[in-house]
Amino acid sequence: MLLTVELLGVEIPDPYFAAIGVGTIVVLLGLSAFFSSSEIAMFAFPSHRLEAVVNEGRGGSKTLQELKSDPHRLLVTILVGNNLVNIAMSSIATGLLGYFLASQSLAVFLATFGITALVLLFGESAPKSYAVDNTESWALRISRPLKYSEIVLWPLVVLFDHLTRIVNKVTGGQAAIEDSYVTRQEIREIIETGEREGVLDEEEREMLQRTLRFNRTIVKEVMTPRLDMTAVPADATVDDAIEICVKNSHERIPVYDGTLDNVRGVAHINELVRSKYYTGHERIDLVDLTEPTLHVPESKNVGELLQEMREERLNMVIVIDEFGTTEGLATIEDLVEEIVGEILEGDEERPIERLSDDVAIVRGEVNIDDVNDALEISLPEGEEFETIAGFIFNRAGRLVEQGETIEYEGLDIRVERVENTRIMKARITGIEAFEPHAVDEPER
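For every chain, the first residue of the written sequence is number 1, and numbering continues from 1 along that sequence. Totals for whole chains, interfaces and linings use every residue, but because this is a predicted model, local features are given only for residues with pLDDT of at least 70 and side-chain atom pairs only at 80 or more, for both listing and counting. Side-chain measures here rest on the full set of heavy atoms in the structure, leaving out hydrogens and waters.

What to know about the overall build of the chain
Part 1 of the argument: Labels follow the DSSP assignment, with helices taken as runs of H or I lasting at least four residues and strands as runs of E lasting at least two, numbered in each case from the N terminus. Of regular secondary structure, the chain possesses 16 helices and 15 strands.
Part 2 of the argument: Per-residue accessibility, obtained with a 1.4 Å probe over protein chains only, is compared with the maximum for each type, and a residue is labelled buried under 20%, exposed over 50%, and partly exposed between these values. Split into buried and exposed, the 444 residues of the chain put 40% on the buried side.
Part 3 of the argument: Taking the contacts inside the chain whose residues are at least 6 apart along the sequence as the reference set, 57% of them involve residues at least 24 apart.
Part 4 of the argument: Approximately 25800 Å² of the chain is accessible, and the part contributed by carbon and sulfur atoms is 54%. Whether two residues are in contact is decided by their heavy atoms: any pair within 4.5 Å suffices. Method for areas: the Shrake-Rupley scheme with a 1.4 Å probe, in which residue coverage is limited to the protein chains shown.

Structural data, given as C-alpha cells:
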C-alpha cells in the first residue's frame, strides 16, 4: 500500500508527491537560470547596438528598447524574480526532504547545500556564461518573457523599485545602474588591448586616445602663443601684407590697429593678391580687405570652438585672456591636429623627435599630455602651465639658461636651446627606465 500525503486537500501518493516536488524544483531552477542570464544579457548589451537592431526590425528589439529605457526598474524586476525562485526552491527542497527524512536538521543541511550547488552550477554559472557568449541574440530572445515577468511581478517590482530609490537617497548613494557602464578609463584600456591584439595599429590607437582627450582640452593648450604670432598693422600696405604672408608661408594673417591687443580681423592672401593684381584699383586699404573674426577666451573648450568656427565659416580666431589682452591665435588646423596629430609642412621640425629608445628632443611649446603619450611617461601638469617649457620653469622656480638640466623621477631634462628667456627645445633622457605612475582623474 502506497503512503500518501495531503496537498491542498488532495491525497497524493508518496512517489507522485516526490515527482511533483522535484519537477517544481527543476522548473524553478530553469527560472533562476532565466533571470540570471537576463541580468548579464540586458546590461552587457551595448547601447550603440540597440538603435541598430530596432532599425533592422529584429524580433523583440522594441521590447528590449523599452526595458532598457528604465534600467533601474529592469534590475529590480530581475532581482525580485531571481530571489523569489531561489527562495522558493530552497523552501520546497527543505519541505520535501523533511517529509522523507527522519532528521529535520539533516533535511535543512542537505536542502541548503544541495540547492546552493544546483543554483551555482545551473542557475548562475552556466546561464551567465551562455549570456556572455550570446549577448545580443539572447537579449532579444528573452526581452518579451522578461516583460511578461515584470507584469506578473508588478506589485513587488513597484514596491521594491520605490524602496531602493528611497534607500539610495537616505544613504547618499547613487544608483550605479543609471550611470554609464563604460568609463573613459575602460575605453582607454579597450583601445590599448585592441593595439596589443593587432586590431588597431599604433597611429589608430593614438588618434582614438587624442579624440577622448579632445573635449577636455581648452583653447590655451592648442593656440599659437602671442610671441609666435605673425601679424600686420592696419596702416600697412597690401604689398607689405603679401610679402609677410609669403615669407612666413601663411595663408591668413591677423590685422591689428596700434597693438596686438586690438586685432581688427584677418586678411587672406588670396584676397590680397586678387585686389592687388586683378581688380584694377590703384589704391586699396588693407582694412578694406580684412574680414572680422571671433575673439574667444583662452579657457574655451576646443570642441565648442570647432563647432562655432564651422558654423561661422572661420579659419582663424583670436584668443584673449580675462582682461581682453591678446594671448594668441587658433586655427582650424590647430584644432584638427589635436585629433589627427601634428601636420608638418615643408621643412618644419617634428614637435617630438625620438633619437633613441632612451632619448627624445621636444619643442618647448609642446603640451605635456602629448609628451606623456608619445614617450609613455607621466610628467605632471599644473594649473599654471601646460607645456614642457612651463614644466621646466615650474621645477626650476626661475629663468633657466641653455645647457641647464633638471631631474624628475629619474628623467634628465636638459634645456637645449633658449631664445631670450624662452625655452625652445629640451632633451629628455632616461625614458626607457622611467616607470609611469597612475594619475587619478574623473573618468565619467
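Examining the sheet that holds strand β11 (residues 352-354)
Part 1 of the argument: At least two DSSP bridges between two strands are needed for those strands to be called paired. One open sheet holds the five strands; their spatial order is β11-β12-β15-β14-β13, and the pairing between them is antiparallel. Among the strands making up the open sheet, the edge pair consists of β11 and β13 (405-408). Along the sheet, successive strands turn relative to each other by an average axial angle of 20°, direction set aside.
Part 2 of the argument: Packed onto the sheet, helix α15 (residues 368-375) meets β11, β12 (359-363) and β15 (422-429) and runs at close to 20° relative to β11.
Part 3 of the argument: Lines are fitted to the C-alpha atoms to define the axes, a helix being fitted only along its stretch in contact, and any angle between axes, read from their N-to-C directions, falls within 0 to 180 degrees. Running over the sheet, helix α16 (residues 388-396) touches β12, β13, β14 (411-419) and β15 and is turned about 90° from β13.

Thoughts on a nonpolar patch on the surface
Part 1 of the argument: Surface patches are defined over residues having more than 30% relative accessible area and no salt bridge, joining like charges when they lie within 9 Å and nonpolar side chains (Val, Leu, Ile, Met, Phe, Trp, Tyr) when within 5 Å. Any carboxyl oxygen of Asp or Glu within 4 Å of a side-chain nitrogen of Lys or Arg constitutes a salt bridge here. On the surface, Leu84, Leu156, Leu159, Phe160, Leu163, Ile166 and Val170 cluster together into a nonpolar patch covering about 590 Å² of accessible area.
Part 2 of the argument: Among the elements that line the nonpolar patch, the one with the most residues is helix α7 (residues 154-171), at six residues.

Regarding the nonpolar core
Part 1 of the argument: Among buried residues, the Ala, Val, Leu, Ile, Met, Phe, Trp, Tyr and Cys ones that are joined through side-chain atoms within 4.5 Å form a nonpolar core. Among the nonpolar cores identified, the biggest contains 27 residues, and Met42, Leu64, Leu74, Met89 and Leu146 are the most heavily contacted of them.
Part 2 of the argument: Counting residues per element, the ones that place at least two in this core are α1 (14-44), α2 (47-56), α3 (61-68), α4 (71-100), α5 (104-133) and α6 (135-152).
Part 3 of the argument: Ignoring sequence-local partners within four residues, the contact set of Met42 consists of Leu64, Leu67, Lys68, Leu74, Ala139, Ile142, Ser143 and Leu146.
Part 4 of the argument: Ile368, Ile406, Leu411 and Ile423 belong to the second largest nonpolar core, which has 26 residues in total.

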